[in-house]
Amino acid sequence: MIKTAALDINDDNTNNSSSSNEMVVTPWEVKGKVDYDRLIKEFGTQPLTSQLLKRIETHTDNKLHLQLERKIFFSHRDLDTTLELYEKGTKFVLYTGRGPSGPVHIGHLVPWIFTLHLQQTFKTRLYFQITDDEKYLVNDERDLKETTKWSYENALDLIALGFKPEDTFIIYNTKDIDLLYDITLEVAKRITYSTARSSFGFQDSTNIGWVYWAAIQAAPCFIHKKLTGENVPALIPAAIDQDPYWRVTRDVAQKLGYHKPAQIHCRFLPGLGTGGKMSASMPETSIFTTDQPNDVKKKIWGAYTGGKPTAAEQRKTGANPQICSIYQYYHYIFEEDPTKLKEREHKCTTGEILCGECKKDITEKLNKFLEAHQERREKAKNIIEQYHIKR
Ligand code: TYM
């Protein structure tokens with residue numbers, strides 16, 4: 001059984017309530033081998049079909065973004081309807097976010113890079129919610145001051161990716177709750193406790209802040225109308241772990257006179273260990289945007305690969321890129337050229353290259369990327385205020 005709701009919730013990403021092999025995909029925990037086809041079935045989402053990809057292509061100069069081409073984004077809800085409306089002249093806005101529990105890792109950048117592509121292609125606004133309140137509520141140990149500090153740090157990463165202030169509106173939940181509050185009330189009034197419990201797995205011991213909280217992640221789906229008077233759909237690019245929020249939000253949207261928010265879901269960039277997603281709670285298997293060259297080298301060197309026990313054996317029989325955490329880095333972000341990616345895969349499976357070579361190459365690519373990102377992150381400190389949502 002897929003656990004779609006966190007049971008025995010006491011900490012995001014550190015929940016030990018399930019056996020190690022069981023697939024768990026909730027907004028707070030992703031564990032085990034993720035079966036994306038099963039998620040589509042059990043979450044009730046739609047696969048991104050080749051027909052729909054062709055339709056997207058007509059808006060993107062007949063060229064698909066790498067994350068679509070490689071099926072990293074693999075599922076959706078109402079993307080077709082949103083495109084149909086767009087083609088008839090109704091715009092959409094983008095909405096995504098971050099739970100500031102610590103530094104941003106490369107996995108978080110996956111949906112944000114795609115969001116930037118959508119923003120530039122469709123010339124849309126982005127609402128970006130930073131949920132310091134959520135990260136405080138879901139962890140008994142965590143202090144609100146700590147999550148608020150990470151809100152600032154994480155916003156710098158978003159800005160460093162190249163989002164423009166004219167079209168990007170960051171919502172810091174505890175600072176901006178006045179903007180959201182009336183919408184959260186509208187939403188919360190229409191979600192029963194029974195729906196919330198079955199969607200999120202709440203228990204008698206769950207604090208009531210957490211129970212209400214789903215309404216706060218729902219609110220930015222509808223904020224554009226409040227700010228501008230325009231009633232347009234929101235399209236949410238995010239990994240599929242956030243889906244339970246959208247299910248409850250979609251249930252109430254039309255009752256409140258809004259469009260149902262649409263989603264496009266991505267897979268998880270795995271950690272550098274043997275399974276599960278990259279997660280800030282496992283720093284040794286995550287590359288953070290603030291890591292220094294030596295940290296990167298050390299983590300990559302210790303990474304799990306699809307290699308053989310000895311170099312001689314690998315030269316003879318080849319390795320398995322499909323289970324290799326390093327190969328995923330090339331696949332998700334760091335090898336844009338499909339021919340070069342294929343070549344690397346071929347050389348790996350035929351034993352022409354060994355894991356050390358791939359590790360050395362990815363360390364160089366990562367450090368080059370991080371050096372430039374960290375420079376832009378520093379510069380973002382001077383302009384961060386321009387991105388703060390205005391009343
Ligand atoms: P958070 O901080 O857990 O994650 C931020 C975004 O990153 C995605 N994600 C990943 N994507 C690919 N590979 C990974 N290893 C990986 N790990 C995380 C998440 O799906 C998310 O898109 N509650 C949210 C914050 C939030 C939000 C939103 C997210 C508020 N409103 C709207 C998406 C859309 C959270 O804690 O995200």
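The rules behind the values
- Every residue gets a number counted from 1 within its own chain, in the order that chain's sequence is written.
- Note on the predicted model: pLDDT of at least 70 is required for a residue's local features to be given, and 80 or more for side-chain atom pairs to be given and counted; whole-chain, interface and lining totals, by contrast, use all residues.
- As a rule here, side-chain values cover all heavy atoms of the structure and leave hydrogens and water aside.
- To be near a molecule or strand, a residue needs just one of its heavy atoms within 4 Å of it.
- Between N or O atoms, a polar contact is any pair within 3.5 Å; within protein, one atom must be a potential hydrogen donor and the other a potential acceptor, and residues adjacent in sequence are included only when both atoms are from side chains.
- In short, Shrake-Rupley with a 1.4 Å probe defines the accessible areas, and a residue's cover is counted only from the protein chains shown.
- Where helices and strands are cited, they refer to DSSP runs of H or I of at least four residues and of E of at least two residues respectively, numbered from the N terminus.
- Each residue receives one of three labels: charged for Asp, Glu, Lys and Arg, nonpolar for Ala, Val, Leu, Ile, Met, Phe, Trp, Tyr, Cys and Pro, and polar for the others, Gly being one of them.
- Being paired, for any two strands, means DSSP has found at least two bridges between them.
- For this analysis, a nonpolar core means a set of buried residues of the types Ala, Val, Leu, Ile, Met, Phe, Trp, Tyr and Cys, connected via side-chain atoms within 4.5 Å.
- Each residue gets one of three labels from its accessible area relative to the maximum for its type: buried under 20%, exposed over 50%, partly exposed in between, using a 1.4 Å probe on protein chains only.
- By definition in these notes, contact holds between two residues if any of their heavy atoms fall within 4.5 Å.

Trainee: What's the story with the site of the ligand in this structure? I'm lost.
Mentor: Around the ligand, 25 residues are found, and the nearest of them are Arg 98, Gly 99, Glu 134, Gln 217 and Asp 241. Here a nitrogen atom of the ligand and a side-chain polar atom of Gln 129 are 3.0 Å apart. In isolation the ligand has 690 Å² of accessible area, and contact with the protein removes 99% of it. Only β5 (93-98), α5 (106-122), α6 (132-137) and β8 (234-239) provide two or more residues apiece to the shell around the ligand. Of the residues belonging to the shell around the ligand, the class tally is nine nonpolar, ten polar and six charged.

Trainee: Whenever I open this one, the sheet that holds strand β4 (residues 73-77) confuses me. Can you help?
Mentor: Two strands in a sheet stick together by hydrogen bonds in their backbones, pointing the same way (parallel) or opposite ways (antiparallel). A sheet is described by the order of its strands in space; here seven strands give the open sequence β3-β4-β9-β8-β5-β6-β7, paired in mixed fashion. At either end of the open sheet lies a strand with only one pairing partner, and these are β3 (46-47) and β7 (168-172). The sheet contact formed by β5 and β8 spans two bridges and is parallel. What sits directly across from Leu 94, in β8, is Leu 235.

Trainee: Looking at this model, I keep getting lost on the nonpolar core. Mind explaining?
Mentor: Note on soluble globular proteins: their nonpolar side chains tend to be buried together. Among the nonpolar cores identified, the biggest contains 73 residues, and Ile 106 and Tyr 329 are the most heavily contacted of them. Among the elements that line this core, the one with the most residues is α5, at eight residues. Not counting the four nearest positions on each side in its chain, Tyr 329 is found in contact with Ile 106, Leu 269, Leu 272, Met 278, Ile 287, Phe 334, Ile 362 and Leu 366. By size, the runner-up hydrophobic cluster in this structure holds 38 residues, among which are Trp 210, Trp 213, Val 252 and Tyr 258.

Trainee: Sorry, what's going on with the environment of Gly 201 here?
Mentor: By secondary structure assignment, the location of Gly 201 is in the loop between α9 (193-200) and α10 (208-218). Counting along the chain gives 24 residues from Gly 201 to Ile 177, while the straight-line C-alpha distance between them is 25 Å.

By themselves, these are just geometric observations and shouldn't be taken as functional.
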